[in-house]
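Next come the chains, spelled out residue by residue.
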Amino acid sequence: MSHNAPLSTLNQKNDTTTAIIAGIVFLVSVFLMMSVDMTWVMDSFSYDTEKDARSPTFLVRFSLLIISLVAAFIAITHTSLFKRNKIAFSPWIFLSVGLAVFMIYVIIPIFQSIRLSFYKWNGLRTADGTSTAEFTGLDNYVSLLDDPNFYTSLYNNFLWLGLFLLAVPIGLGIALFLNQTVRGIRFYKSLFFFPFVISQVVVGLIFGWFYEPTFGMLGEIWSAMFCTEELNIVGNVRRVCAVEPPNILGDSTYATYGIIFAGLWPQIAYCMILYLTGLNNVAHDQIEAARLDGAKGWKMLRYVILPQLKPATFIAVVVTVIGALRSFDMISTMTDGGPFGSTNVLSLYMYQTAIGEYGSRYGYGSAIATVLFLIMLVFIGFFLFRMYQDERGDH
């Protein structure tokens, strides 16, 4: 004991010294990472333009980020508090890198966007690198209240939300249909799963061609039902229709519904996959007990199967709601917000306003993004609160 006590004391002193040095390195690295900009890189490495200094600036900041993370790891693991609570701290050590990246690329930009929504800025800087942003307070939000395009986009977002949720019951129905052991069922599952693996842009292109009234599949089906071919006065063949084929994407009344229908195709496949996974985990003994009690059909589904599918339903609803509120790529591919802005949603309108062809209004675009973020925050907060209540009720 007499020999081990001095050795233990020496190890504690070494750990304390290491933790202090690592902490100092961490603080210095973070300070430098926040201080380094393209102007400093241009002066230090003799670059002539900001374009040349852009990549070196990123590399310097990224290197400082790695150094700060390593220093933080060393500082934490050499403290006495960590050594006494290794089991409690270990998961957070593994999560730290992911949390740091999430903080840098998600959390910090959210607050930067909220801050920018109180400014009027065209994205330009002066020759010395100073921002030309002008603080305007709540002017951007006041302008939103008088912007008809904002209300159109907001209405379309809620329309997406209401109709997109149809993917949940439809996905459940398809999953119940496919959850059986018959010959060739894996092939049918693959057919229903196929839309999920396709890019949203590809889905948008497919349905854009499908809705085309002249040469698309819808136009061909319509021609076969309502049109005939006749020779005109010069002998050329022309198509004469009793009812003209609908131009779904060209009509402001139907365009949004056509895009939502296209978006439902892969979303239904996603919900189906979730429910198929949940059905594989349904307790068969409860099903057998319910059958002995005379339950079947709707009663079996409502009182036995659906309660066990609650986790899958929760994930399906949350992902569907988020997907509806952040819909962008399919609208951009199929109509780009047209005709006359009738299919715009908040995310696309924000992009068009801030960095699109309608002008560089970064402050106004950030105000639109903030409104969208608050709407998503309300829905996600509600679902998390319900999940917390359910888990507390189970215990």
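Right above here is the structure, for reference.
Conventions used here
- Residues numbered from 1 in each chain as written.
- Predicted model: local features only at pLDDT ≥ 70, side-chain atom pairs only at ≥ 80, totals over all residues.
- Heavy atoms only, no water.
- Core = buried A, V, L, I, M, F, W, Y, C linked by side-chain atoms within 4.5 Å.
- Buried < 20%, exposed > 50% of the residue type's maximum accessible area, 1.4 Å probe, protein only.
- Helix = DSSP H or I, 4+ residues; strand = E, 2+ residues; numbered from the N terminus.
- Patch = residues over 30% accessible without salt bridge, like charges linked within 9 Å, V, L, I, M, F, W, Y side chains within 5 Å.
- Areas by Shrake-Rupley, 256 points an atom, 1.4 Å probe, with all protein chains shown as cover.
- Salt bridge = Lys/Arg side-chain N within 4 Å of Asp/Glu carboxyl O.
- Contact = heavy atoms within 4.5 Å.
- Phe/Tyr/Trp six-rings, centres within 6.5 Å; stacked < 30°, edge-to-face > 60°.
- Expected span 1.5 Å × (residues − 1).
- Axes fitted to C-alpha atoms, helices over the stretch in contact; angles between N-to-C directions.
- Parallel < 35°, antiparallel > 145°, perpendicular 65-115°, else oblique.
- Left-handed = near helix turned anticlockwise from the far one by under 90°.
- Polar contact = N/O pair within 3.5 Å; in protein donor to acceptor, adjacent residues only side chain to side chain.

A. Broad picture of the nonpolar core. Ranked by size, the top nonpolar core spans 65 residues in total, and within it Leu144, Trp160 and Met334 carry the most contacts. Top contributing element to this core by residue count: helix 12 (residues 255–280), with 12 residues. Formed by 7 residues, the second largest nonpolar core is a distinct cluster that contains Met33, Val36, Val41 and Leu65.

B. Main features of a nonpolar patch on the surface. On the surface, Phe58, Leu59, Phe62, Ile66, Val70, Phe73, Ile74, Val97, Val101, Phe102, Tyr105 and Val106 cluster together into a nonpolar patch covering about 1,100 Å² of accessible area. Elements represented by at least two residues in the nonpolar patch include exactly helix 3 (50–77) and helix 5 (86–116). Among the elements that make up the nonpolar patch, the one with the highest residue count is helix 3 (7 residues).

C. Summary view of the side chain of glutamine 267. Within the fold, glutamine 267 resides in helix 12. On the basis of relative accessibility, which here comes to 12%, the residue glutamine 267 falls in the buried class. Excluding anything up to four places from it in sequence, glutamine 267 contacts Phe164, Ala167, Val319 and Thr320.

D. A look at the packing of aromatic side chains. Summed over all chains, the structure comprises 18 aromatic pairs. A centroid spacing of 5.8 Å and a plane angle of 50° characterise the contact between phenylalanine 118 and tyrosine 141, whose relative ring orientation is tilted. Taken together, the residues phenylalanine 118 in the loop between helix 5 and strand 1 (119–120) and tyrosine 141 in helix 6 (residues 139–145) connect sequence positions 23 residues apart. Measuring from ring centre to ring centre gives 5.6 Å for phenylalanine 150 and tyrosine 151, while their planes differ by 65°; the resulting arrangement is edge-to-face. Assessed through its relative accessible area of 6%, phenylalanine 150 is described here as buried.

E. Just helix 15 (residues 310–325), in detail. Relative to the 22 Å expected for 16 residues at 1.5 Å per residue, helix 15 spans 23 Å between its end C-alpha atoms, a close match to the ideal helical length. All of the buried residues in helix 15 are Ala312, Ala316, Val317, Val318, Thr320, Val321, Ala324 and Leu325.

F. Spotlight on helix 3. Along its 28 residues, helix 3 runs 40 Å from first to last C-alpha, staying within 8% of the 40 Å computed at 1.5 Å per residue. When we look at burial in helix 3, the residues that qualify are Ala53, Pro56, Thr57, Leu64, Leu65, Ser68, Ala71, Ala72, Ala75 and Thr77.

G. Structural detail: the pattern of salt bridges. Scanning all chains against the criterion turns up 1 salt bridge. Arginine 291 is the partner of glutamate 288 in a salt bridge, and the nearest nitrogen-oxygen pair spans 3.3 Å. Remark: arginine 291 and glutamate 288 occur in helix 13 (residues 284–292); sequence separation between them is 3 residues, near one turn of the helix. You can call glutamate 288 partly exposed: its relative accessible area is 43%.

H. View of the packing of helix 7 (residues 148–164) against helix 12. Relative orientation of the contacting elements helix 7 and helix 12 amounts to 40°, with a least axis distance of 10 Å. With respect to their mutual orientation, helix 7 and helix 12 come out oblique. Pair helix 7 / helix 12 crosses with right-handed handedness. Contacts from Tyr155, Asn156, Leu159, Trp160, Leu163 and Phe164 in helix 7 reach Thr256, Tyr257, Ile259, Ile260, Gly263, Leu264 and Gln267 in helix 12.

I. How the structure looks around unusual backbone geometry. The omega angle of the peptide bond from glycine 338 to proline 339 is -5°, so this bond is cis rather than trans. Summarising the element assignment, proline 339 is placed in the loop between helix 16 (329–334) and helix 17 (346–354). Residue aspartate 336 is not a glycine yet carries a positive backbone phi of 55°. Secondary-structure assignment places aspartate 336 in the loop between helix 16 and helix 17. Judged by relative accessible area, aspartate 336 falls into the partly exposed class, the value being 36%. Of note in this structure, phenylalanine 340 is not a glycine but carries a positive phi near 60°. On the secondary structure map, phenylalanine 340 appears in the loop between helix 16 and helix 17.

J. Up close: the environment of serine 327. Locating serine 327 in the fold gives a position in the loop between helix 15 and helix 16. For the pair formed by serine 327 and histidine 78, sequence separation is 249 residues and the distance between their alpha carbons is 46 Å. The contacts of serine 327, once residues within four sequence positions are left out, are Trp160, Val345 and Ser347. For serine 327, the side chain forms a polar contact with the main-chain oxygen of alanine 324, separated by 3.0 Å.

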